[in-house]
Amino acid sequence: MDELQISPADPHGASPGKDQQAAGVGILLQIMMLVLSFILGHVLRRHRFYYLPEASASLLIGLIVGGLANVSNTETSIRAWFNFHEEFFFLFLLPPIIFQSGFSLAPKPFFSNFGAIVTFAILGTFIASVVTGLLVYLGGVLYLMYRLPLVECLMFGALISATDPVTVLSIFQELGTDTNLYALVFGESVLNDAMAISLYRTMSLVKNNSSGQNFFLIVVRFLETFVGSMSAGVGVGFTSALLFKYAGLDIDNLQNLECCLFVLFPYFSYMLAEGLGLSGIVSILFTGMVMKHYSFSNLSENSQKFVAAFFHLISSLAETFVFIYMGFDIAMEQHSWSHVGFIFFSIIFIGLARAANVFSCAYLLNLVRPAQRQIPLKHQKALWYSGLRGAMAFALALQSVHDLPEGHGQTIFTATTAIVVLTVLLIGGSTGTMLEALHVVGDTHEPHLSDNFEANNGYVAPYDEESSSSGNRLKMRLKEFHRSAASFRALDRNYLTPFFTTQSGDRDDNDDSNAEDSLLRSRREGFH
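Residues numbered from 1 in each chain as written. Predicted model: local features only at pLDDT ≥ 70, side-chain atom pairs only at ≥ 80, totals over all residues. Heavy atoms only, no water.

Student: What's the story with the overall build of the protein in this structure? I'm lost.
Tutor: In terms of helices and strands, the protein carries 20 helices and zero strands. Across the 528 residues that make up the protein, the buried fraction comes to 54%. Partitioning the intrachain contacts of the protein with sequence separation of at least 6 by distance along the chain shows that 83% fall at a separation of at least 24. Here the protein displays about 22,300 Å² of accessible surface, and carbon together with sulfur accounts for 63% of that area. (Helix = DSSP H or I, 4+ residues; strand = E, 2+ residues; numbered from the N terminus. Buried < 20%, exposed > 50% of the residue type's maximum accessible area, 1.4 Å probe, protein only. Contact = heavy atoms within 4.5 Å. Areas by Shrake-Rupley, 256 points an atom, 1.4 Å probe, with all protein chains shown as cover.)

Student: Help me understand unusual backbone geometry in this model?
Tutor: At Tyr143, a position not held by glycine, the phi torsion is positive, near 60°. Within the secondary structure, Tyr143 is located in the loop between helix 6 (114–141) and helix 7 (150–160). Taking relative accessible area as the criterion, Tyr143 reaches 72% and is therefore assigned exposed.

Student: Honestly, the layout of surface pockets in this entry has me stumped. Any pointers?
Tutor: With a probe scaled to a water molecule rolled over the atoms, the places where space remains empty come into view. Each pocket or cavity is described by its volume, and for the second largest pocket that value is around 610 Å³. As for the second largest pocket, its lining consists of 25 residues, and the residues nearest its centre are Phe114, Leu191, Met230, Phe286 and Met289. Of all the secondary structure elements, the ones that give two or more residues to the lining of the second largest pocket are helix 5 (107–112), helix 6, helix 9 (179–208), helix 10 (215–246), helix 12 (280–295) and helix 19 (473–500). In terms of residue count, helix 10 provides more of the lining of the second largest pocket than any other element does, seven residues in total. Split by residue class, the lining of the second largest pocket holds 24 nonpolar, one polar and no charged. (1 Å grid on protein atoms, 1.4 Å probe; cavity = no way out; pocket = protein on both sides within 12 Å on 5 of 7 lines; lining within 4 Å. Points joined across faces, edges and corners; volume = space filled by probe spheres on them. Nonpolar A, V, L, I, M, F, W, Y, C, P; charged D, E, K, R; others polar.)

Student: Where do I start with the pattern of salt bridges in this structure?
Tutor: Proximity of charged atoms lets side chains of opposite charge pair with each other. Using the criterion set out here, one finds four salt bridges in the structure. Across the salt bridge formed by Glu152 and Lys207, the nearest N and O atoms sit 2.8 Å from each other. Note that Glu152 is positioned in helix 7 and Lys207 in helix 9, a separation of 55 residues in sequence. Residue Glu188 pairs with Arg354 through a salt bridge whose shortest N-O separation is 3.0 Å. Of this pair, Glu188 sits in helix 9 while Arg354 is found in helix 14 (residues 340–367), placing the two residues 166 residues apart along the sequence. (Salt bridge = Lys/Arg side-chain N within 4 Å of Asp/Glu carboxyl O.)

Student: Please explain the packing of helix 14 against helix 17 (residues 408–429) as it appears in this structure.
Tutor: How two helices sit against one another is set out by the angle between their axes and by the gap between those axes. It is the contact of helix 14 with helix 17, at a shortest axis distance of 10 Å, that shows an interaxial angle of 60°. The orientation of helix 14 relative to helix 17 falls into the category oblique. Like other packed secondary-structure pairs, helix 14 and helix 17 cross with a definite hand, here right-handed. Where helix 14 abuts helix 17, its residues Phe342, Ile343, Ser346, Ile347 and Ile350 lie against Thr411, Thr414, Ala415, Ala418, Ile419 and Leu422. (Axes fitted to C-alpha atoms, helices over the stretch in contact; angles between N-to-C directions. Parallel < 35°, antiparallel > 145°, perpendicular 65-115°, else oblique. Left-handed = near helix turned anticlockwise from the far one by under 90°.)

Student: Just to check I follow, could you spell out the packing of aromatic side chains for this structure?
Tutor: Scanning all chains against the criterion turns up 24 aromatic pairs. The ring of Phe103 is capped by Lys292, whose NZ or CZ atom sits 5.6 Å from the centre of that ring. (Phe/Tyr/Trp six-rings, centres within 6.5 Å; stacked < 30°, edge-to-face > 60°. Lys NZ or Arg CZ within 6 Å of the ring centre and 35° of its normal.)

Student: What exactly am I supposed to notice about helix 2 (residues 54–71) here?
Tutor: Residues separated by three or four positions in an α-helix point in the same direction, a consequence of the helix having 3.6 residues per turn. Compared with an ideal rise of 1.5 Å per residue, which puts 18 residues at 26 Å, helix 2 spans 26 Å between its outermost C-alpha atoms and is within 8% of the ideal. Of all the positions in helix 2, only Glu54, Ala55, Ser56, Ala57, Ser58, Leu59, Ile61, Gly62, Gly66 and Ala69 are classed as buried. (Expected span 1.5 Å × (residues − 1).)

Student: What exactly am I supposed to notice about a nonpolar patch on the surface here?
Tutor: The grouping of Ile27, Ile31, Val35, Ile39 and Val43 at the surface amounts to a nonpolar patch, some 410 Å² of accessible area in total. One can find Ile27 in helix 1 (residues 16–46). The class of Ile27 is partly exposed, set by a relative accessible area of 39%. (Patch = residues over 30% accessible without salt bridge, like charges linked within 9 Å, V, L, I, M, F, W, Y side chains within 5 Å.)

Student: Is there a simple way to think about the packing of helix 14 against helix 15 (residues 377–385) in this case?
Tutor: The interhelical angle for the contact between helix 14 and helix 15, taken along N-to-C directions, is 145°, at an axis separation of 9 Å. For the element pair helix 14 and helix 15, the recorded crossing hand is right-handed. Between helix 14 and helix 15, the contacting residues are Gly351, Arg354, Ala355, Val358, Phe359, Ala362 and Asn366 on the first element and Leu377, Gln380, Lys381, Leu383 and Trp384 on the second. Residue composition of the contact of helix 14 with helix 15, grouped by class: seven nonpolar, three polar and two charged.

Student: Which parts of the structure should I look at to understand empty space enclosed by the protein?
Tutor: Per the counting criterion, the structure on display carries six cavities of 30 Å³ or more. Of the pockets and cavities examined, the largest cavity occupies roughly 320 Å³. As for the largest cavity, its lining consists of 26 residues, of which Ile97, Ser101, Asp164, Val166 and Glu319 are closest to the centre. Here the element with the most residues in the lining of the largest cavity is helix 4 (residues 86–103); it accounts for five residues. Of the residues belonging to the lining of the largest cavity, the class tally is twelve nonpolar, ten polar and four charged.

Student: Looking at this structure, I do not really get the side chain of His408. What am I missing?
Tutor: Relative to the helices and strands, His408 resides in helix 17. Judged by its relative accessible area of 8%, His408 falls in the buried class. A distance of 3.4 Å separates polar atoms of two side chains, one belonging to His408 and the other to Tyr146. Excluding anything up to four places from it in sequence, His408 contacts Tyr146, Leu148, Pro149 and Glu152. (Polar contact = N/O pair within 3.5 Å; in protein donor to acceptor, adjacent residues only side chain to side chain.)

Student: Could you clarify how one ought to interpret the nonpolar core in this entry?
Tutor: One recurring pattern in soluble globular proteins: nonpolar side chains tend to sit buried together. Ranked by size, the top nonpolar core spans 112 residues in total, and within it Phe120, Phe156 and Phe262 carry the most contacts. With 15 residues, helix 9 is the largest single contributor of residues to this core. Leave out the neighbours within four places in its chain, and Phe120 touches Thr125, Leu184, Glu188, Asn357, Val358, Cys361, Ala362, Leu365, Ile375 and Leu383. Counting five residues, the second-largest nonpolar core is a separate cluster that includes Ala241, Tyr294, Leu496 and Phe500. (Core = buried A, V, L, I, M, F, W, Y, C linked by side-chain atoms within 4.5 Å.)

Student: I'm lost on the side chain of Ser315 in this one. Help?
Tutor: Within the secondary structure, Ser315 sits in helix 13 (residues 301–332). Looking at Ser315, the relative accessible area reads 6%, which means it is buried. Aside from chain neighbours lying at most four places away, what touches Ser315 is Pro96, Ile97 and Gln100.

What follows is the structure in structure tokens.
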């Protein structure tokens, strides 16, 4: 990011009137594409046409319009308004999407599945990143594909490990699938973004400061980025909770102020982390999770309705805009299509790395669970299949164009773009068929997302029974980890919730159920 370029003002020559006209036409066309995407998404959803999900439709609209603009005689100044600037993406489009991911993460099912979600998102993403990077490097060494240095291969592995299963989740909800499977896919995708961007930034720092680096310093840099960003986000979230608890803003004539402050806190968290040299994306994600769990209940009822609808609205607009822009960018930008082998083998390696992620982590999790609580193989296959790539992978690949020299970043960007398109169109379009083939459609019998997560049919809720199997060291450590998840939930119920909110822990659980019902309804009615 050498310079902030939000608008493509032409320094050479066109008159201000011409520039304003070009800007108006460009913005008009963007609004028209947004309107068309929402209408087409509604029609597809209404007719239950799952072979072309809403995200795929938005991407195709961008492809078609970008292709037409590319072959037309449209003025350069107008076409420039469609160029995808990563500064605009990182500052205005990505933050509301990531915040809504954390904000819409219902606390009760998240903490009930905490052990499995963290295992897949942290350990699994690390495994997928390293496996992808090493396979891409070996592919280059064996002359199967374009050769990149090892550090750049690991950067590619980190960015391409960021999943975005918004299409899969929307179809999960439409068709009805197991609530545990839904919680795993959604929870893993939320924390996976934080892990992927932290790994990418760590590898980028190693690339830029290659002298004197060792494994210990790499680990320290990663922890600095991840833990520092998480701490900044959690700290801002807790601060907002105390403010709304004690400031007395939940009265009728101050609701406008209450809503304004609530909307500003996420961006404060994002900019604070960026100003400290940390990751604003990781920070705003954890701010969303904390504000939903603690700050949200301190708002008045009308303010709760407004902020929930507001964040859902801007997130839907931003996400649709991102998929349109991805399609448009593919058609308009110059890509390194000469390295087709790099794209082909990268897709194969990503599938293998995703399998190593899902099946190895599921094996470890099943070691500490009795037979009735195992993660079934069909759910593992669904979790593997749901690893679509989307907005985060595209954004990091766009940044890699500036981070990597000699055209290497352009090669990674082209490969990532192709992978995003293929996964969104092919995997997203075949998700309904996959769910039916695996017999996971309609598995859920619970009327509410949060009901019975700790009942017998749940397989990832924290569990305190002693295992009847042999207590080897690995199993005992894994069991202690799941006990810590249960202990954290008790800590939250007994201390954190009463301290940061106006409600008790038991009352908060009931509110979680109501919030999750509202979340399901809003996500079914929303675009994604």
